[in-house]
Amino acid sequence: MNQFSPAELSPDGELMSESMRSRYDFIVCGGGTTGSVVARRLAEDPNVSILLIEAGGSDRVPQVIDSTQWMWNIGTSRDWGYKAASSKTVNGRTPLLPMGKVLGGGSSINSSVWARGHMNDFNNWAAASGEEGWNYDNIFKVYCKIEDWQGTPEAKRRGQGRLLNILQPENPFPLVAGLIKGAEPETTMGPLSSSCQLQKVMGYLDEGKTPSGQKP
Ligand SMILES: Cc1cc2nc3c(=O)[nH]c(=O)nc-3n(C[C@H](O)[C@H](O)[C@H](O)COP(=O)(O)OP(=O)(O)OC[C@H]3O[C@@H](n4cnc5c(N)ncnc54)[C@H](O)[C@@H]3O)c2cc1C
């Protein structure tokens with residue numbers, strides 16, 4: 001039987017398809033949500049070599065593949081195990097601050113809720129950085145470019161046919177509809193700008209199967 005060094009094996013013990021090289025065109029540190037997407041995008045160019053380094057182990061475990069089991073990753077080896085500092089405001093408690101330590105990072109242990117960020121946050125970042133690319137008009141186009149919205153088509157607000165399947169919950173808790181309706185009179189900034197409208201875009205990713213950050 002062949003003996004392989006740890007460097008020749010993937011985290012779940014499979015032989016890597018090629019030996020480690022001594023040089024790479026790109027080294028991405030952290031195979032979490034962002035790092036995995038960056039590495040995948042770089043890999044679209046077949047002429048470049050990429051090394052993705054992840055501190056955690058394999059994402060091929062049931063608690064990651066089935067996102068309804070997301071909470072069973074917390075406190076395991078797939079969680080860095082951070083805690084907040086003790087605070088008088090929470091009676092001296094130290095709440096858990098989970099963070100993924102596994103291929104896919106947070107996207108491997110999160111609950112797969114798809115909620116777009118708030119317009120005001122992006123616009124504030126654009127103003128603070130002087131970088132127009134961060135304003136919500138531009139970010140909105142990026143959201144549409146990555147979504148495969150499975151609900152009623154709304155070409156002006158939702159992307160279709162792209163990498164991420166977005167489903168609406170089949171039986172949302174009745175309080176959700178009431179909450180959205182209750183907020184409607186307060187929203188005066190137009191259909192794309194109100195947080196109420198943004199939350200209606202919320203959905204779930206891919207029928208409970210976690211699209212770990214390495215895949216999209
Ligand atoms: C329990 C939980 C539930 C969540 N639920 C949702 C949700 O439903 N919807 C949603 O949109 N967001 C959710 N989030 C947030 C979302 O998952 C994160 O915002 C997102 O994953 C952050 O991506 P990131 O690339 O910045 O970091 P991460 O995905 O955390 O990636 C960082 C990666 O770097 C690795 N790393 C760190 N240090 C090193 C090192 N020295 N060497 C090599 N690798 C290293 C880590 O192990 C990790 O894999 C949730 C997060 C958690 C923890």
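Residues numbered from 1 in each chain as written. Predicted model: local features only at pLDDT ≥ 70, side-chain atom pairs only at ≥ 80, totals over all residues. Heavy atoms only, no water.

Draft legend 1. Highlighting the overall build of the protein. When helices and strands are tallied, the protein shows seven helices and eight strands. Here the protein, with 216 residues, has 29% of them falling under the buried criterion. Within the protein, contacts between residues at least 6 apart in sequence are counted, and of these 53% link residues at least 24 apart. Here the protein has roughly 14,300 Å² of accessible surface; of this, 56% comes from carbon and sulfur atoms. (Helix = DSSP H or I, 4+ residues; strand = E, 2+ residues; numbered from the N terminus. Buried < 20%, exposed > 50% of the residue type's maximum accessible area, 1.4 Å probe, protein only. Contact = heavy atoms within 4.5 Å. Areas by Shrake-Rupley, 256 points an atom, 1.4 Å probe, with all protein chains shown as cover.)

Draft legend 2. Structural context of the pairing of strand β7 (residues 164–167). Of the two faces of β7, the one lined by Leu 164 and Ile 166 is fully buried and the one lined by Asn 165 and Leu 167 carries no buried residue. Across three bridges, strand β6 (residues 147–149) lies against β7 in parallel orientation. The residue bridging Asp 148 from the neighbouring strand is Asn 165, located in β7. (Pairing = 2+ DSSP bridges.)

Draft legend 3. The arrangement of the site of the ligand in detail. Around the ligand, the structure places 23 residues, and the nearest of them are Thr 33, Thr 34, Glu 54, Gly 106 and Val 113. Between the ligand and Thr 34 there is a distance of 2.6 Å, counted from an oxygen atom to a side-chain nitrogen or oxygen. Within the contact set of the ligand, an oxygen atom lies 3.4 Å away from a backbone nitrogen or oxygen of Gly 100. Its free accessible area being 1,000 Å², the ligand has 63% of it covered by the protein chains. Taken together, the elements giving at least two residues each to the shell around the ligand come down to α1 (33–42) and α3 (106–109). The element that contributes the greatest number of residues to the shell around the ligand is α3, accounting for three residues. (Near = heavy atom within 4 Å. Polar contact = N/O pair within 3.5 Å; in protein donor to acceptor, adjacent residues only side chain to side chain.)

Draft legend 4. Focus on the side chain of Asp 79. Within the element layout of this structure, Asp 79 appears in the loop between α2 (62–65) and β3 (82–83). For the buried residue Asp 79, which engages in no salt bridge, the nearest side chain bearing the opposite charge is Lys 101, 9.4 Å off. Setting aside anything within four residues of it in sequence, one finds Asp 79 in contact with Asn 73, Ile 74, Pro 98, Met 99 and Lys 101. (Lys, Arg positive; Asp, Glu negative; His and termini not counted. Salt bridge = Lys/Arg side-chain N within 4 Å of Asp/Glu carboxyl O.)

Draft legend 5. Up close: the UniProt feature "domain: Glucose-methanol-choline oxidoreductase N-terminal" (unreviewed entry) in the protein. UniProt annotation of "domain: Glucose-methanol-choline oxidoreductase N-terminal" (unreviewed entry) refers to residues 100–123 when read in the numbering used here. The span residues 100–123 is 38% helix and 8% strand, and its two end C-alpha atoms sit 28 Å from each other. (UniProt positions renumbered as here; feature names shortened; annotations may be inferred.)

Draft legend 6. Region of the structure containing the packing of aromatic side chains. If you walk through the whole model with that rule in mind, you get seven aromatic pairs. For the pair Tyr 136 and Phe 140, a centre-to-centre distance of 6.2 Å together with 40° between the ring planes defines the contact as tilted. In this pair, Tyr 136 and Phe 140 are both assigned in helix α5 (residues 136–146), four residues apart and thus about one turn of the helix distant. In this pair, the class of Tyr 136 matches that of Phe 140, namely buried. Above the plane of the ring of Trp 149 lies Arg 158, whose end atom (NZ or CZ) is 4.0 Å from the centre. (Phe/Tyr/Trp six-rings, centres within 6.5 Å; stacked < 30°, edge-to-face > 60°. Lys NZ or Arg CZ within 6 Å of the ring centre and 35° of its normal.)

Draft legend 7. Structural view of the packing of helix α4 (residues 119–129) against α5. Running from N to C, α4 and α5 cross one another at 125°; their axes reach a closest spacing of 8 Å. As judged from the angle between their axes, α4 and α5 are oblique. Taken together, the residues of α5 that come into contact with α4 (itself represented by Met 119, Phe 122 and Asn 123) are Tyr 136, Ile 139 and Tyr 143. Across the contact of α4 with α5, the residue classes break down as five nonpolar, one polar and no charged. (Axes fitted to C-alpha atoms, helices over the stretch in contact; angles between N-to-C directions. Parallel < 35°, antiparallel > 145°, perpendicular 65-115°, else oblique. Nonpolar A, V, L, I, M, F, W, Y, C, P; charged D, E, K, R; others polar.)

Draft legend 8. Main features of the confidence of the model for the protein. On average, residues of the protein carry a pLDDT of 82, and 77% of them reach 70 or more. Averaged pLDDT values over the elements of the protein bottom out at 41 in helix α7 (residues 195–200) and peak at 98 in strand β1 (residues 26–29). Below pLDDT 50 for its whole length, residues 188–201 participates in 32 contacts with residues either more than four positions away or in separate chains. (pLDDT = per-residue confidence, 0-100.)

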